[in-house]
Amino acid sequence: MSFTDYDLNAVGMALDLASLGDGTLSYPDLVERQRDMFFEHGYRGEEHIQTRLAGIGRRIAGLLATPAEDDFLDALAILLAEQDCKPYLTRHDGVPHLHFARDAAPFGEWVPTMAVAGLVLYVCRHGRSRLRRCAAAGCGRWFADTSRNSSRRYCEHACASRTTVAAFRARQAKKTP
Ligand SMILES: [Zn+2]
Ligand SMILES: [Zn+2]
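Residues numbered from 1 in each chain as written. Chains lettered and ligands numbered in written order. Predicted model: local features only at pLDDT ≥ 70, side-chain atom pairs only at ≥ 80, totals over all residues.

Engineer: Sorry, what's going on with the overall build of the protein chain here?
Structural biologist: Of the regular secondary structure elements, the protein chain holds seven helices and four strands. Residues classed as buried in the protein chain amount to 29% of the 177 residues present. (Helix = DSSP H or I, 4+ residues; strand = E, 2+ residues; numbered from the N terminus. Buried ≥ 20, exposed ≤ 12 C-beta atoms within 10 Å, placed from the backbone.)

What follows is the structure, given as structure tokens:
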């Protein structure tokens, strides 16, 4: 299985929106994580649309958490149909590539359109088994597991090592009477 950066940029944005929506990622953290993606496309992460983005994020988090595959796909199709989504061939950075929102679309339109289209493309190619929530206590952010054997449980190294340290301390505490 191979993931191109472009696929992952858009699905990463969808997952960060999902984390924003269910309160595991703050808006400033989302802007920080998506800074390159936003800047490359002429956006700076305008704050006045964060409520709208959190709303879309809650929808994405809700559908990702839907157990039945058919219900999940139905909800995803509805969310896609609600976006002002159309394929555009763009060369905004000199390299021809596909966008799903027109160049210079309002930020509050561009983010959901690109994110939802990216999520749909990703799910059609790879399914959703690798889209999961971080297993670390107190985190719970959504991430795409791109590991070869699909075994990642944590969104980032910090969450994995925090969990390892906590498990070690718990074992030590058990040993000492
Ligand atoms: Zn682009
Ligand atoms: Zn995490």
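Engineer: What is the right way to look at helix α4 (residues 50-64) in this model?
Structural biologist: Helical geometry: 3.6 residues make up each α-helical turn, so side chains three or four residues apart lie on a common side. Between its first and last C-alpha atoms α4 spans 20 Å; for 15 residues at 1.5 Å apiece the expected length is 21 Å, and the two agree. Along α4, the residues classified as buried are Leu53, Ile56, Gly57, Arg59, Ile60, Ala61, Leu63 and Leu64. (Expected span 1.5 Å × (residues − 1).)

Engineer: Looking at this model, I keep getting lost on the packing of helix α5 (residues 69-82) against helix α6 (residues 107-126). Mind explaining?
Structural biologist: When two helices pack together, their arrangement is given by the angle between the helix axes and by the axis-to-axis distance. Relative to each other, α5 and α6 sit at 145°, their axes nearing to 9 Å. Judged by the sense of rotation from one axis to the other, the crossing of α5 with α6 is left-handed. For the pair α5 and α6, the contacting residues are Leu76, Leu79 and Leu80 in the first and Val116, Val120 and Val123 in the second. Each residue belonging to the contact of α5 with α6 can be placed in one class, and the counts come to six nonpolar, no polar and no charged. (Axes fitted to C-alpha atoms, helices over the stretch in contact; angles between N-to-C directions. Left-handed = near helix turned anticlockwise from the far one by under 90°. Contact = placed C-beta atoms within 7 Å. Nonpolar A, V, L, I, M, F, W, Y, C, P; charged D, E, K, R; others polar.)

Engineer: Can you walk me through the environment of Arg153 in this structure?
Structural biologist: Its location among the elements puts Arg153 in the loop between β4 (142-144) and α7 (157-175). Classification of Arg153 by C-beta neighbours within 10 Å gives partly exposed; the count is 15. Sequence separation of Arg153 and Ala136 is 17 residues, and the distance between their C-alpha atoms is 8.0 Å.

Engineer: Whenever I open this one, the nonpolar core confuses me. Can you help?
Structural biologist: Buried together is how nonpolar side chains tend to be arranged in soluble globular proteins. The biggest cluster of nonpolar side chains holds 39 residues, and the ones touching the most others in it are Ala14, Leu17, Ile60, Met114 and Ala115. Those elements that place two or more of their residues in this core are α1 (5-21), α4, α5, α6 and β4. Residue contributions to this core peak at ten residues, all from α6. If we ignore the near neighbours within four places in the chain, the residues touching Met114 are Ala10, Met13, Phe100 and Ala101. (Core = buried A, V, L, I, M, F, W, Y, C linked by C-beta atoms within 7 Å.)

Engineer: I keep staring at unusual backbone geometry and nothing clicks. Help me out?
Structural biologist: It is generally the case that most residues other than glycine have a negative phi and that most peptide bonds are trans. Its identity is not glycine, yet Ala104 carries a phi of approximately 65°, on the positive side. Along the chain, the position of Ala104 falls in the loop between β2 (97-99) and α6. Owing to 11 C-beta atoms within 10 Å, Ala104 belongs among the exposed residues under this scheme. Backbone geometry places Ser150, a non-glycine residue, at a positive phi of 55°. Structurally, the position occupied by Ser150 is in the loop between β4 and α7.

Engineer: Looking at this model, I keep getting lost on the environment of Ala18. Mind explaining?
Structural biologist: Along the chain, Ala18 falls in helix α1. Placed 44 residues apart in sequence, Ala18 and Gly62 show a C-alpha to C-alpha distance of 8.1 Å. When neighbours within four sequence positions are excluded, Ala18 is seen to be in contact with Gly57, Ile60, Ala61, Leu64 and Trp142.

Engineer: Hey, could you run me through the environment of Leu15 in this one?
Structural biologist: Tracing the backbone shows Leu15 in helix α1. Among the residues examined, Leu15 registers 29 C-beta atoms within 10 Å and is labelled buried. The spatial distance from the C-alpha of Leu15 to the C-alpha of Leu119 is 8.4 Å, given a sequence separation of 104 residues. Setting aside chain neighbours within four positions, we find Leu15 in contact with Leu131, Trp142, Phe143 and Ala144.

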